[in-house]
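A structural walkthrough
Residue-level listing of the chains:
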Amino acid sequence: MPLDAGEPEVSVSDFVALLNQALDYAFPSVTIVGELANFRVSKNRWVYFDLKDEFCSVKFFGTVYQLPGPLEDGMLLRVRGQPKLHNLYGFSVNVLSMAPAGEGSIRKAADLLQAKLTTEGLFDEGRKRPVPYPPKRIGLVTSRQSAAYADFTKIINARWGGVQIDVIDVQVQGEPAPAQIVGAIEQFNALGEPPEVIVIIRGGGSAEDLAAFSTEQVTRAVAASRVPTIVAIGHEVDLSLAELAADVRASTPSNAAELLVPDRKALKAHLARQADELLRLGAVQMQAARQLLSLKTDSLHQYIEDLIKTKRSVYQTYQKLLAVLSPEATLKRGYAIVRSNGGQVLRSAKIKPGAIVEVQLADGRFTAQTKEKP
Amino acid sequence: MTKKLDYQALSTELDTIMAELQRDDLDVDEALKHYERGLTLVKELEAYLETAENKITELKATFNKA
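Predicted, not measured: the structure shown is a model, and the values here were computed from it.

Once that is clear, we can look at the overall build of chain B. If you tally the helices and strands in chain B, you get two helices and one strand. When the elements of chain B are put in sequence order from the N terminus, they spell out α-α-β. Relative to its full complement of 66 residues, chain B shows a buried share of 32%. Long-range contacts, defined here as pairs at least 24 residues apart, represent 70% of the contacts in chain B between residues at least 6 apart. Of the accessible surface of chain B, which amounts to about 4400 Å², a share of 50% is contributed by carbon and sulfur atoms.

Right, dumping it as structure tokens:
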């Protein structure tokens with residue numbers, strides 16, 4: 001075939017540059033969905049694979065950091081990338097982001113990731129920490145426009161008061177969702193005064209809608225959070241990996257609110273019972289104090305009575321003794337008191353003969369004159 | 001929220017007081033003190049349950065929401 005003389009010639013390098021320019025212009029990025037084939041990782045860093053369908057196959061190139069988790073050939077993938085002609089290795093699409101697509105592949109990817117993270121111990125029961133009940137400050141990660149947000153705040157407000165809820169609004173589905181959710185978890189953890197619990201919620205949706213909460217990055221961020229976490233994604237039947245990694249799993253956003261705070265109605269009833277019990281205990285204590293006082297009064301009376309009785313009997317003894325020892329009693333027994341003329345009691349017989357003395361007997365007295373000693 | 005009250009702390013204090021009031025070797029002065037404090041706590045807790053409201057604040061996300 002003759003060369004067309006009118007067509008400009010280009011070098012190989014120029015051709016590659018020109019083609020890349022044209023590709024850039026036509027596809028600043030392109031999202032392709034296809035079945036994964038020939039998946040391989042090189043040097044723990046580079047990822048090579050093909051996406052194919054019934055008729056075609058396209059090569060892709062990326063890094064392990066872009067992987068949504070472990071992958072297996074045959075899974076359906078959605079890959080966003082930039083088509084490029086490499087100066088040595090030919091055509092491939094450079095990966096910008098990738099995620100499993102379709103229920104089956106999402107489930108498969110989640111199963112593979114779950115197996116890998118289970119081996120690492122991310123879901124171990126021993127890692128679960130208690131969540132303060134009720135917390136005074138909650139860090140909430142969700143979409144503010146979502147039904148999950150409305151349900152959660154409605155139940156919290158109905159049940160309890162005095163909680164500070166800090167919300168970080170994130171996309172809960174779509175490509176930016178995982179990075180935003182991870183960013184919000186890290187932001188709460190980095191606060192000077194972090195909340196007491198981080199609550200991550202999302203309402204129901206298809207497996208694809210909920211996929212962000214089963215990605216490796218979100219699951220790892222939940223497991224790595226220093227602040228305890230409660231995660232509720234979708235309905236009761238949906239179980240995301242983030243929920244498995246959480247300290248507490250709630251079945252729904254409303255259930256998360258119920259697990260976090262008590263119901264003020266129940267507490268009011270409890271408080272009323274406590275108030276009644278307080279009144280009763282107060283009365284019991286006063287009654288006991290009164291009884292004790294009455295016992296003390298009785299024993300005081302008894303003590304005084306006993307004291308008087310004892311003293312009285314001592315006095316009576318003294319009285320008897322005094323009566324026995326009195327001069328009158330002695331005189332009655334036949335003794336006499338002899339006094340000198342001057343009235344002094346005589347204790348000695350040394351007196352002059354002829355002296356006048358007075359003699360007192362039990363019954364009356366007389367005077368007498370002494371004679372010579374016999 | 002009118003006052004910054006810690007419901008849990010007050011409730012725990014009330015539980016302790018109730019337990020103290022069940023002791024039968026309690027001094028009457030102590031009993032009266034506990035009883036009066038208990039009544040105050042019940043009033044404060046009731047007020048909390050009646051009036052405390054939640055406060056919701058949106059934090060500006062530091063990640064790039066492009």
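Counted by the stated rule, this structure contains 21 salt bridges over all chains. In this structure, the salt-bridge partner of R23 of chain B is D25 of chain B, at a minimum N-O distance of 3.0 Å. Relative accessible area serves as the criterion here: at 55%, D25 of chain B is assigned to the exposed category. Connected through salt bridges with shared partners, the residues K116, E120, E216 and R220 of chain A form a single ionic network.

With that settled, the discussion passes to the interface of chain A and chain B. Taken together, the 39 residues of chain A in the interface contact 38 residues of chain B. Summed over both sides, the interface between chain A and chain B buries roughly 3300 Å², with carbon and sulfur atoms accounting for 60% of that surface. Of all residues in chain A, L271, L278 and Q285 of chain A give up the largest surface area on contact with chain B, accounting jointly for 20% of the area buried on that side. The interface formed by chain A and chain B holds three salt bridges in total. The closest approach of N and O atoms between K268 of chain A and E50 of chain B, which form a salt bridge, is 3.0 Å. Taken together, chain A and chain B are joined by 22 residue pairs in polar contact (both at pLDDT 80 or more). Where the side of chain A that touches chain B is concerned, the elements lending two or more residues are α3 (147–159), β7 (164–169), α4 (177–190) and α9 (264–325) of chain A. Element by element, the count of residues in the side of chain A that touches chain B is highest for α9 of chain A, at 14 residues. Here β7 of chain A pairs with strand β1 (residues 55–58) of chain B via four bridges, running parallel. What sits directly across from D166 of chain A, in β1 of chain B, is T57 of chain B.

In this section: the packing of aromatic side chains. Residue and element names in this part refer to chain A. With the rule as written, the count across this model stands at seven aromatic pairs over all chains. The interplanar angle of 0° and the centroid separation of 5.2 Å between the aromatic rings of F49 and F60 together place this pair among those described as stacked. One end of the pair, F49, is in strand β2 (residues 46–52); the other, F60, is in strand β3 (residues 57–63), with 11 residues separating them in the sequence. We note that F49, like F60, is buried. Among the aromatic residues, ring-to-ring pairing joins F39, F49 and F60 into one connected group. Directly above the ring of Y48 sits R40, whose terminal nitrogen or CZ lies 4.5 Å from the centroid.

Our next topic: the packing of α9 of chain A against helix α1 (residues 7–21) of chain B. Helices that pack against each other are described as a pair by the angle of their axes relative to one another and the distance between those axes. At their nearest, the axes of α9 of chain A and α1 of chain B sit 10 Å apart, and the two run at 30° to each other. One finds that α9 of chain A runs roughly parallel with respect to α1 of chain B. The two elements α9 of chain A and α1 of chain B meet at a crossing, and its hand is left-handed. Between α9 of chain A and α1 of chain B, the contacting residues are L267, L271, Q274, E277, L278, L281 and Q285 of chain A on the first element and Y7, L14, D15, I17, M18 and L21 of chain B on the second.

Moving on to the environment of T63 of chain A. Residue and element names in this part refer to chain A. In this structure, T63 sits in strand β3. Expressed as a C-alpha distance, the spacing of T63 and V41, which sit 22 residues apart in the sequence, is 8.5 Å. Setting aside its immediate chain neighbours within four residues, T63 contacts R45, W46 and V47.

Residue and element names in this part refer to chain A. In this model, the largest pocket occupies a volume close to 800 Å³. As for the largest pocket, its lining consists of 33 residues, and the residues nearest its centre are M98, A99, E175, P178 and T215. When residues of the lining of the largest pocket are traced back to their parent elements, those giving at least two are β4 (76–86), β5 (90–100), α2 (103–120), α4, α5 (207–210) and α6 (216–224). If you tally residues by element for the lining of the largest pocket, the top one is β5, at five residues. Looking at the lining of the largest pocket residue by residue, the classes come out as 18 nonpolar, nine polar and six charged.

Attention now moves to the sheet that holds β5 of chain A. Strands belonging to one sheet form pairs held by backbone hydrogen bonds; the direction of such a pair is parallel or antiparallel. Residues and elements named next belong to chain A. Spatial ordering of the closed barrel is given by β1-β2-β3-β5-β4, a layout of five strands whose pairing is mixed. Sheet twist, expressed as the average angle between the axes of neighbouring strands with direction ignored, equals 50°. The pairing of β4 with β5 spans 10 bridges and is classified as antiparallel. Note that in β5 the partner of R78 across the bridge is A99.

Criteria and thresholds
- Residues numbered from 1 in each chain as written.
- Chains lettered and ligands numbered in written order.
- Predicted model: local features only at pLDDT ≥ 70, side-chain atom pairs only at ≥ 80, totals over all residues.
- Heavy atoms only, no water.
- Helix = DSSP H or I, 4+ residues; strand = E, 2+ residues; numbered from the N terminus.
- Buried < 20%, exposed > 50% of the residue type's maximum accessible area, 1.4 Å probe, protein only.
- Contact = heavy atoms within 4.5 Å.
- Areas by Shrake-Rupley, 256 points an atom, 1.4 Å probe, with all protein chains shown as cover.
- Salt bridge = Lys/Arg side-chain N within 4 Å of Asp/Glu carboxyl O.
- Buried area = accessible area lost by both parts, 1.4 Å probe.
- Polar contact = N/O pair within 3.5 Å; in protein donor to acceptor, adjacent residues only side chain to side chain.
- Pairing = 2+ DSSP bridges.
- Phe/Tyr/Trp six-rings, centres within 6.5 Å; stacked < 30°, edge-to-face > 60°.
- Lys NZ or Arg CZ within 6 Å of the ring centre and 35° of its normal.
- Axes fitted to C-alpha atoms, helices over the stretch in contact; angles between N-to-C directions.
- Parallel < 35°, antiparallel > 145°, perpendicular 65-115°, else oblique.
- Left-handed = near helix turned anticlockwise from the far one by under 90°.
- 1 Å grid on protein atoms, 1.4 Å probe; cavity = no way out; pocket = protein on both sides within 12 Å on 5 of 7 lines; lining within 4 Å.
- Points joined across faces, edges and corners; volume = space filled by probe spheres on them.
- Nonpolar A, V, L, I, M, F, W, Y, C, P; charged D, E, K, R; others polar.

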